[in-house]
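Chain by chain, the residues:
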Amino acid sequence: MGVEICVEGLTKSFGHQVIWQDVSLTLPAGEVSVMLGPSGTGKSVFLKTLVGLLKPERGSITIQGRDITKLREHDLYEVRKLFGVLFQDGALFGSMNLYDNIAFPLREHTRKSESEIRRIVLEKMDMVGLIGAEGKLPGEISGGMRKRAGLARALVLDPEIILFDEPDSGLDPVRVAYLNQLIVDLNAQIDATFLIVTHDIASARQVPDNIGLLFRRELVMFGPREELLTSNEPVVRQFLNGRMQGPIGMAEEKDAAQVEQELAALGDSDGKGTQTPGSQALTPRLLPGPGIPRPPRWEAIARREAALHRTTVASA
Ligand SMILES: Nc1ncnc2c1ncn2[C@@H]1O[C@H](COP(=O)(O)OP(=O)(O)OP(=O)(O)O)[C@@H](O)[C@H]1O
């Protein structure tokens, strides 16, 4: 069914370098959340901290009533079984064919028979559209197929939470569209809690229930997709529109006067986000494919989005 992850007051540093501080958010059970942020703002560090690979200095991460930042290695090992992680390059073993790569967690962490393992591996390969490629080596297949193989491997232990680290990196737009559909379909089918780190704005607009944005060592915003997409907060707007004008600079932050000037030139209020709330366009959400029932939460989301649409139309 997926589990909720509740993060409170989380701070992570490496030596004197604070990566982010006082991050608080709740990833709702079974929902898809996306974490955005300029390069180097610590999105991958956030994923690694959630899964217990990095220890934060302060704050808590509560999963099923336990603060995983306080767990000893043995208990952490148990909690990690709740997670499936899709690393950027799929993180496959180059010398093993896809079947053995995907079977690996089952052989390592369970006592299932080879026939049971075969059933599970083929089921997951089917879910990600890789049937027939069992004997291929990772080096013989495309980047998109490697991602899907990594995803099948992340699924074999039936995780409650799946973390995706830039699943779309290095893929062409068509492969990204297929992968996004696969993510939405999978979420509807297995109901796990998904957190996706991505730079792809089109994906961030269409796929998640919730969006977060890390910037200047802080979580600028985290909330329902429609709230972020219609937000007038300058950092959020700049990032979601992928433009140069705004608080986010090439290498460092810009000064306030420059930001104000740029936003004024764009006709974007006074740079302080004082436009009418909800005046930004809301991209339609990506729906599960034919034959895949929509999860129950979709009705409530559709009502929320329709209400927001009515407000937008009324204020236009
Ligand atoms: N193990 C580590 N030790 C020291 N510094 C680290 C470590 N891991 C990450 N960092 C630093 O943390 C910062 C954030 O890195 P991270 O990879 O999480 O950023 P990101 O937002 O995922 O970037 P990108 O979008 O470019 O992938 C970087 O400055 C990086 O050098």
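Criteria and cut-off values
- Residues numbered from 1 in each chain as written.
- Predicted model: local features only at pLDDT ≥ 70, side-chain atom pairs only at ≥ 80, totals over all residues.
- Helix = DSSP H or I, 4+ residues; strand = E, 2+ residues; numbered from the N terminus.
- Buried ≥ 20, exposed ≤ 12 C-beta atoms within 10 Å, placed from the backbone.
- Contact = placed C-beta atoms within 7 Å.
- Near = placed C-beta within 6 Å.
- Nonpolar A, V, L, I, M, F, W, Y, C, P; charged D, E, K, R; others polar.
- Pairing = 2+ DSSP bridges.
- Core = buried A, V, L, I, M, F, W, Y, C linked by C-beta atoms within 7 Å.
- Axes fitted to C-alpha atoms, helices over the stretch in contact; angles between N-to-C directions.
- pLDDT = per-residue confidence, 0-100.
- Expected span 1.5 Å × (residues − 1).
- Arc of directions from axis to C-beta.
- Parallel < 35°, antiparallel > 145°, perpendicular 65-115°, else oblique.
- Left-handed = near helix turned anticlockwise from the far one by under 90°.

Q: Help me understand the overall build of the protein, please; the structure alone is not making it clear to me.
A: Counting its regular elements, the protein contains 11 helices and 10 strands. The proportion of buried residues among the 316 residues of the protein is 39%.

Q: Explain the environment of Lys43 here, please?
A: One can find Lys43 in helix α1 (residues 43–50). With 250 residues separating them along the chain, Lys43 and Pro293 place their C-alpha atoms 31 Å apart. For Lys43, the residues in contact, after removing those within four places along its chain, are Met35, Gly37, Val197 and Leu214.

Q: What should I look at first to understand the site of the ligand in this one?
A: Close to the ligand lie Phe14, Ile19, Gly37, Ser39, Gly40, Thr41, Gly42, Lys43, Ser44 and Val45. Counting residues per element, the shell around the ligand draws most heavily on α1, at 3 residues. Grouping the amino acids of the shell around the ligand by side-chain chemistry returns 3 nonpolar, 6 polar and 1 charged.

Q: Help me understand the sheet that holds strand β2 (residues 17–27), please; the structure alone is not making it clear to me.
A: Backbone-to-backbone hydrogen bonds pair the strands of a sheet. The strands run either parallel or antiparallel. Strand order in the open sheet formed by 4 strands is β2-β1-β4-β5, and the pairing between neighbours is antiparallel. Edge positions in the sheet fall to β2 and β5 (66–67), since each of these pairs with one other strand and no more. Note that strand β4 (residues 58–63) and β5 share 2 bridges and pair antiparallel. If you follow Thr62 over to β5, its bridge partner there is Asp67.

Q: What am I meant to see in the nonpolar core here?
A: One recurring pattern in soluble globular proteins: nonpolar side chains tend to sit buried together. In terms of nonpolar packing, the biggest core is built from 69 residues, with Ile102, Ala152, Ile162, Leu163, Phe194 and Leu213 touching the most fellow members. Those residues in contact with Leu163, other than ones at most four positions away along the chain, are Leu47, Leu50, Val51, Phe83, Val85 and Leu195.

Q: Honestly, the sheet that holds strand β6 (residues 83–86) in this entry has me stumped. Any pointers?
A: Strand order in the open sheet formed by 6 strands is β6-β7-β8-β3-β9-β10, and the pairing between neighbours is mixed. In this open sheet, the two strands that pair with only one neighbour each are β6 and β10 (218–224). With direction set aside, neighbouring strand axes in the sheet form an average angle of 15°. Bridging between strand β9 (residues 210–215) and β10 involves 6 bridges; their strand directions are antiparallel.

Q: I'm lost on the confidence of the model for the protein in this one. Help?
A: Low-pLDDT stretches of the model should not have their predicted coordinates read in fine detail. When the pLDDT values of the protein are averaged, the result is 85; 87% of them are 70 or greater. Low confidence marks residues 269–279, where pLDDT is under 50. Its contacts with residues over four positions away, or in another chain, come to 25 contacts. Interface predicted TM-score (ipTM) for the complex: 0.97; the corresponding pTM is 0.86.

Q: I tried to follow helix α5 (residues 143–155) on my own but got confused; where do I start?
A: Each full turn of the α-helix corresponds to 3.6 residues, which orients residues three or four apart in the same direction. With 13 residues, α5 ought to run about 18 Å at 1.5 Å a step, and its terminal C-alpha atoms sit 18 Å apart, in line with that. A large share of α5 lies buried, amounting to 10 of its 13 residues. Listing the buried residues of α5 in full gives Arg146, Lys147, Arg148, Ala149, Gly150, Leu151, Ala152, Arg153, Ala154 and Leu155. Against the buried residues of α5 lie β6, α3 (98–109), α4 (114–127), β7 (161–165) and α6 (173–190).

Q: Just checking my understanding: could you explain the environment of Arg237 for this structure?
A: In this structure, Arg237 sits in helix α9 (residues 234–241). Put simply, Arg237 and Lys55 are 182 residues apart on the chain and 32 Å apart in space, counted from C-alpha to C-alpha. In this structure, Arg237 is in contact with Ser231, Asn232 and Gly246, ignoring residues within four places of it in sequence.

Q: Before we go on, may I ask you to explain α1 in this structure?
A: Within α1, the full set of buried residues consists of Lys43, Phe46, Leu47, Thr49 and Leu50. Buried residues along α1 cover an arc of 165° about the axis, so they all sit on one side. Packing partners of the buried residues in α1 comprise β1 (5–14), β3 (32–36), β4, β7, β8 (193–197) and β9. Residue Gly52 follows α1 closely and has a positive phi angle near 85°.

Q: Mind showing me how you'd approach unusual backbone geometry here?
A: If a residue is not glycine, its phi is most likely negative; likewise, a peptide bond is most likely trans. A positive phi is found at Gln64, a non-glycine position, where the angle reads about 50°. For Gln64, the location among the structural elements is in the loop between β4 and β5. You will see that Arg216, though not glycine, has its phi angle at about 50°, which is positive. Note that Arg216 resides in the loop between β9 and β10. Taking the number of C-beta atoms within 10 Å as the measure of exposure, Arg216 has 13 and is therefore partly exposed.

Q: Can you walk me through the packing of α3 against α5 in this structure?
A: Closest axis-to-axis distance for the α3/α5 pair is 7 Å, and the angle between their directions is 30°. Classified by the angle their axes make, α3 and α5 are roughly parallel. Like other packed secondary-structure pairs, α3 and α5 cross with a definite hand, here right-handed. Every residue of α5 that contacts α3 at Leu98, Asn101, Ile102, Phe104 and Pro105 is listed here: Ala149, Ala152 and Arg153. Its residues placed into classes, the contact of α3 with α5 shows 6 nonpolar, 1 polar and 1 charged.

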